[in-house]
Amino acid sequence: MQLGRLKFRGDPYIWFAVFALSLLGMMAVYSATGSLAFKTQEGNTEYFLFKHMLFLFGGFFLMYFFHLLDYKYFSRISQLAVVIAVPLLIATLFFGNDINDAKRTITIFGISFQSSDFAKFALIMFIARYLSKKQEEMNSIKGFLVIVAYICVICVLIMPENLSTSLVLFFTCSMLLFIGNARLRHLALLAGSFGLVAVLGLTLLLKSPDSMLPGRASTWKARIENFMHKDSNEEVFQTVQAKIAIAGGGLTGKGPGKGEQSAYLPHSYSDFIFAVIIEEYGLIFGGLTVIFLYLLILYRSIRIVLKSPKAFGALLAMGLAFSLVLQAFIHMAVATNVFPLTGLTLPLISMGGTSIIFTSAAFGVLLSVSRAVEEQQEGLANPNQEVANA
């Protein structure tokens, strides 16, 4: 596939899904940031659209650059990245920017970004490397515990300020362990330990008074109780407004820019943008379209995994694709009140610079694996092409 002088290699369906989601995201962000523009930018409704587009263009550049690289380079990069991620997460916990009562971003050299997005990207690459390089060690409990230690350290450091991202990352890494041929009894031990910790933690959380809960634990408790309809405050208000938006959209929607609930729905441009999409474009043209595009990405990624000649490429593609699609479906579940509030964005659609940049980087790596599979198939189909060209 070519566009001008740019040559796009890799799976064309993934390229299509990325461009389609980005275009839909631009339209949704423009609609959802109207009230925010009047509050912070004196009514300049184009400000957030141009800012969002700037991050998208930067993300596309990074995606295009990464997809041209040999994906094997990311194996070595992951070693350094995961080492950088740990002190970066620690620094964020102590010196991060406090936004909405959470320290999720840190400013370095004048640039603010979410360290958890970097850590998630780094850990998935590292797990893929470890599983492909040390398959024999994974047969022992010692080797299994080593990789679980990496997962737990990163996830625990993310958890205090971003529980939902921590859980998505943990489930993604657990899935990689499963398809990476970890022993079932080891996985059962991990699942049992996680289940025990989750039950004990949830029990303590719900039984403890708010005054005794550290950090954002009181926020987690409030969200769980609100989801169980035990309270009535701003969290429930968000859910109600999202329901009104979805119900108002119906099957075909009110039309682009004609949604009303974005003016009342908190964080409509990020945490609840799926509800805005359904209100304006309806369930058929909005909701089901978004679902189809993410499922298309997952399906094409599975095809890449099945065709990849190297374990690292297969695990890398599956890990990155699964984490993005899982995050997307959790976001949609929150907007439709299937899950409690999480704060997870909709990849490539929600407004948020760090999310767009690292999501684009993940797609770039995924397309790099796809490009390698494509080139291998071309080589097998034309074994004498290189000689003929010479």
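Residues numbered from 1 in each chain as written. Predicted model: local features only at pLDDT ≥ 70, side-chain atom pairs only at ≥ 80, totals over all residues. Heavy atoms only, no water.

**Q** Explain the overall build of the chain to me, using residue names and the numbers behind them.
**A** Summing up its helical and strand segments, the chain has 14 helices and five strands in all. For 390 residues, the compact-globule formula gives about 21 Å, and the C-alpha radius of gyration of the chain, at 22 Å, lands near that figure. Per-residue burial over the chain gives 49% buried out of 390 residues. A separation of at least 24 residues holds for 71% of the contacts in the chain among residues at least 6 apart in sequence. Looking at the chain as shown, the accessible area adds up to about 19,100 Å², and 66% of this sits on carbon and sulfur atoms. Side chains of the chain give 29 positive and 23 negative charges; the mean places of these two sets differ by 9 Å. (Helix = DSSP H or I, 4+ residues; strand = E, 2+ residues; numbered from the N terminus. Rg over C-alpha atoms; globule rule 2.2 N^0.38 Å. Buried < 20%, exposed > 50% of the residue type's maximum accessible area, 1.4 Å probe, protein only. Contact = heavy atoms within 4.5 Å. Areas by Shrake-Rupley, 256 points an atom, 1.4 Å probe, with all protein chains shown as cover. Lys, Arg positive; Asp, Glu negative; His and termini not counted. Charge placed at Lys NZ, Arg CZ, Asp CG, Glu CD.)

**Q** Account for the environment of Arg 129, naming residues and giving values.
**A** Along the chain, the position of Arg 129 falls in helix H5 (residues 115-133). Judged by relative accessible area, Arg 129 falls into the buried class, the value being 17%. Along the backbone, Arg 129 and Met 175 are 46 residues apart, and their C-alpha atoms lie at a distance of 15 Å.

**Q** Tell me what's going on with the state of the cysteines, and back it up with residues and numbers.
**A** On inspection of all chains with the given rule, the structure shows zero disulfides. We note that Cys 152 lacks a disulfide partner, and the nearest cysteine sulfur, in Cys 155, lies 6.9 Å from it. By relative accessible area, Cys 152 is classed as partly exposed at 31%. Counting only cysteine sulfurs, Cys 173 is the nearest neighbor of Cys 155, a cysteine outside any disulfide, at a range of 5.7 Å. Relative accessible area serves as the criterion here: at 5%, Cys 155 is assigned to the buried category. (Disulfide = S-S within 2.5 Å.)

**Q** Tell me what's going on with the pattern of salt bridges, and back it up with residues and numbers.
**A** A complete count under the given rule lists six salt bridges for this structure. Across the salt bridge formed by Asp 70 and Lys 72, the nearest N and O atoms sit 3.8 Å from each other. A salt bridge links Lys 254 to Glu 260, with the nearest nitrogen and oxygen atoms 3.9 Å apart. We classify Lys 254 as partly exposed; its relative accessible area is 33%. Each member of the salt-bridge network shares a partner with another, and the members are Lys 254, Glu 260 and Glu 279. (Salt bridge = Lys/Arg side-chain N within 4 Å of Asp/Glu carboxyl O.)

**Q** Tell me about unusual backbone geometry, and name the residues and values.
**A** The backbone phi angle of His 267 is positive, close to 55 degrees, even though this residue is not glycine. When you line up the elements, His 267 lands in the loop between helix H10 (234-249) and helix H11 (273-307). Overall, His 267 belongs to the partly exposed group, its relative accessible area being 27%. Positive phi values are uncommon outside glycine, yet Asn 337 reaches one of about 65 degrees. In this fold, Asn 337 is placed in the loop between helix H12 (311-335) and helix H13 (353-381). A residue is classified by how much of its surface remains accessible, and Asn 337, at 19% relative accessible area, is buried.

**Q** Got a sec to walk through helix H3 (residues 46-68)? Specific residues and values, please.
**A** Helix length check: H3 (23 residues) gives 33 Å between terminal C-alpha atoms against 33 Å at 1.5 Å per residue, within 8%. When H3 is considered as a whole, its buried residues turn out to be Phe 48, Leu 49, His 52, Leu 56, Gly 59, Phe 60, Met 63, Tyr 64, Phe 66 and His 67. (Expected span 1.5 Å × (residues − 1).)

**Q** Help me get a handle on a nonpolar patch on the surface, residues and values and all.
**A** A contiguous nonpolar surface patch, about 470 Å² in accessible area, is contributed by Leu 251, Leu 283, Ile 284, Phe 285 and Leu 288. Tracing the backbone shows Leu 283 in helix H11. Judged by its relative accessible area of 35%, Leu 283 is partly exposed. (Patch = residues over 30% accessible without salt bridge, like charges linked within 9 Å, V, L, I, M, F, W, Y side chains within 5 Å.)

**Q** Any chance you could break down the packing of aromatic side chains for me, citing the residues and the numbers?
**A** Tallied over the entire structure, the rule returns 17 aromatic pairs. With a centroid separation of 6.1 Å and an interplanar angle of 65 degrees, the aromatic rings of Phe 118 and Phe 358 are classed as edge-to-face. Of this pair, Phe 118 sits in helix H5 while Phe 358 sits in helix H13, and the two are 240 residues apart along the sequence. Of the two residues, Phe 118 and Phe 358, neither departs from the other in class, the shared state being buried. Through successive ring pairs, a cluster of aromatic residues spans Phe 8, Trp 15, Phe 19, Phe 60 and Tyr 64. (Phe/Tyr/Trp six-rings, centres within 6.5 Å; stacked < 30°, edge-to-face > 60°.)

**Q** Which residues make up helix H7 (residues 163-179), and what values do they have?
**A** Its 17 residues give H7 an end-to-end C-alpha distance of 25 Å, which sits within 8% of 24 Å, the value for a rise of 1.5 Å per residue. Burial within H7 is extensive, with twelve of its 17 residues counted as buried. The set of residues buried in H7 consists of Ser 164, Thr 165, Ser 166, Val 168, Leu 169, Phe 170, Thr 172, Cys 173, Ser 174, Met 175, Leu 176 and Leu 177. Against H5, helix H6 (141-158), helix H8 (184-207) and H12 lie the buried residues of H7. Just downstream of H7, Asn 181 is the residue with a positive phi angle, here 70 degrees.

**Q** I'd like to hear about the confidence of the model for the chain, residue by residue, with values.
**A** The share of residues in the chain with pLDDT of 70 or more is 93%, and the mean pLDDT across the chain is 87. Low confidence marks residues 385-390, where pLDDT is under 50. Its contacts with residues over four positions away, or in another chain, come to zero contacts. (pLDDT = per-residue confidence, 0-100.)

**Q** Go over the side chain of Ser 262 with me, naming the residues and quoting the values.
**A** On the secondary structure map, Ser 262 appears in the loop between H10 and H11. Apart from residues no more than four positions distant in its own chain, Ser 262 is found in contact with Ser 31, Ala 32, Ser 35, Ser 268, Val 276 and Glu 279.

**Q** Tell me what's going on with the environment of Ala 17, and back it up with residues and numbers.
**A** Its place among the elements puts Ala 17 in helix H1 (residues 12-32). You can call Ala 17 buried: its relative accessible area is 0%. Each C-alpha atom of the pair Ala 17 and Leu 296 lies 7.3 Å from the other, and the pair is 279 residues apart in sequence. Not counting residues within four places of it along the chain, the set of residues in contact with Ala 17 comprises Leu 293, Leu 296 and Ile 297.

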